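Reading the structure
Below are the chains, spelled out letter by letter.
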Amino acid sequence: QVQLVESGGGLVQPGGSLRLSCAASGSIFSIGAMGWYRQAPGKQREFVAVVTSGGSVKYIEFAKGRFTISRDNAKNTVYLQMNSLKPEDTAVYYCKVDVVESGSASLNAYWGQGTQVTVSS
């Protein structure tokens, strides 16, 4: 079994920064892509950014130039550095990690529990 633990959310003023973390643990053989999504009240969950096992990154348009995704493979952790935050960035942020579990041949996606980010003055 695999567990994802997120941290780093909170309340920040417009223009401020936050760094989200998502650590995977458990019966892990290998990790593939690691990504972040968000869901604002009344809206569908949307993609924010992803980093592959090879280090390639992709961002949704609103995140480009403000958000940076990175991973630490030794710690099985993915980060999302968010700068120049805007009120419209307010949402619950979820990490998604593709994992091959020990003794398994299949790649499964796991989701974190979500962390609230509120941007308000």
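To keep things clear, this report deals only with the structure shown in the data block. The model shown is predicted, which means the values in this text are computed figures rather than measured ones.

1. Description of the pairing of strand S10 (residues 107-111)
The side chains of a regular strand alternate between both faces of the sheet. Relative to S10, strand S9 (residues 91-101) runs antiparallel, the two being bridged by five bridges. Each bridged residue has a counterpart across the sheet, and for Lys96 the counterpart in S10 is Trp111. Connecting S9 to the next strand, S10, in antiparallel fashion are five residues, including Gly103 with a positive phi near 80 degrees.

2. A few points about the side chain of Arg38
Position of Arg38 relative to the elements: it lies in strand S4 (residues 28-39). Looking at Arg38, the relative accessible area reads 6%, which means it is buried. Here the side chain of Arg38 touches Asp89 through a polar contact of 2.9 Å, side chain to side chain. There is a polar contact of 3.0 Å between the side chain of Arg38 and the side chain of Tyr93. Apart from residues no more than four positions distant in its own chain, Arg38 is found in contact with Gln44, Arg45, Glu46, Val48, Phe62, Phe67, Glu88, Asp89, Ala91, Val92 and Tyr93.

3. Some words on the nonpolar core
Residues Trp36, Leu80, Met82 and Tyr93 are the most contacted members of the largest nonpolar core, which totals 31 residues. Only strand S1 (2-7), strand S3 (18-26), S4, strand S5 (46-51), strand S7 (67-72), strand S8 (77-82), S9 and strand S11 (115-119) provide two or more residues apiece to this core. With five residues, the top contributor of residues to this core is S9. Leaving out residues up to four positions away in the same chain, Tyr93 has contacts with Glu6, Leu20, Trp36, Tyr37, Arg38, Val48, Phe67, Leu80, Met82, Gly114, Thr115 and Val117.

4. Section: the pairing of S9
When you tally the buried positions in S9, you get nine out of eleven residues, the bulk of the element. Summarising the sheet, S4 and S9 pair through nine bridges and their orientation is antiparallel. Opposite Gln39, over in S9, you have Val92 as the bridge partner. In this structure, S9 lies alongside S11, joined through three bridges in antiparallel fashion. Its bridge partner being in S11, Val92 is matched across the sheet by Gln116.

5. What about the sheet that holds S1?
Taken together, the four strands give an open sheet; going across it, the order is S1-S3-S8-S7, and neighbouring strands pair in antiparallel fashion. The sheet is open, and its two borders are formed by S1 and S7, each paired with just one other strand. Pairs of neighbouring strands in the sheet enclose a mean axial angle of 15 degrees, with direction left out of account.

6. Re the pattern of salt bridges
Counted according to the given criterion, the structure contains five salt bridges. Salt-bridge contacts for Glu46 lead to Arg38; the nearest nitrogen and oxygen are separated by 2.8 Å. A salt bridge links Arg66 to Asp89, with the shortest nitrogen-to-oxygen separation between them at 2.7 Å. Note that Arg66 is positioned in the loop between strand S6 (57-59) and S7 and Asp89 in the loop between S8 and S9, a separation of 23 residues in sequence. The burial state of Arg66 is the same as that of Asp89; both residues are buried. Salt bridges linked by common partners bring Arg38, Glu46, Arg66 and Asp89 together as one network.

Cut-offs applied
- Residues numbered from 1 in each chain as written.
- Predicted model: local features only at pLDDT ≥ 70, side-chain atom pairs only at ≥ 80, totals over all residues.
- Heavy atoms only, no water.
- Pairing = 2+ DSSP bridges.
- Helix = DSSP H or I, 4+ residues; strand = E, 2+ residues; numbered from the N terminus.
- Buried < 20%, exposed > 50% of the residue type's maximum accessible area, 1.4 Å probe, protein only.
- Polar contact = N/O pair within 3.5 Å; in protein donor to acceptor, adjacent residues only side chain to side chain.
- Contact = heavy atoms within 4.5 Å.
- Core = buried A, V, L, I, M, F, W, Y, C linked by side-chain atoms within 4.5 Å.
- Axes fitted to C-alpha atoms, helices over the stretch in contact; angles between N-to-C directions.
- Salt bridge = Lys/Arg side-chain N within 4 Å of Asp/Glu carboxyl O.

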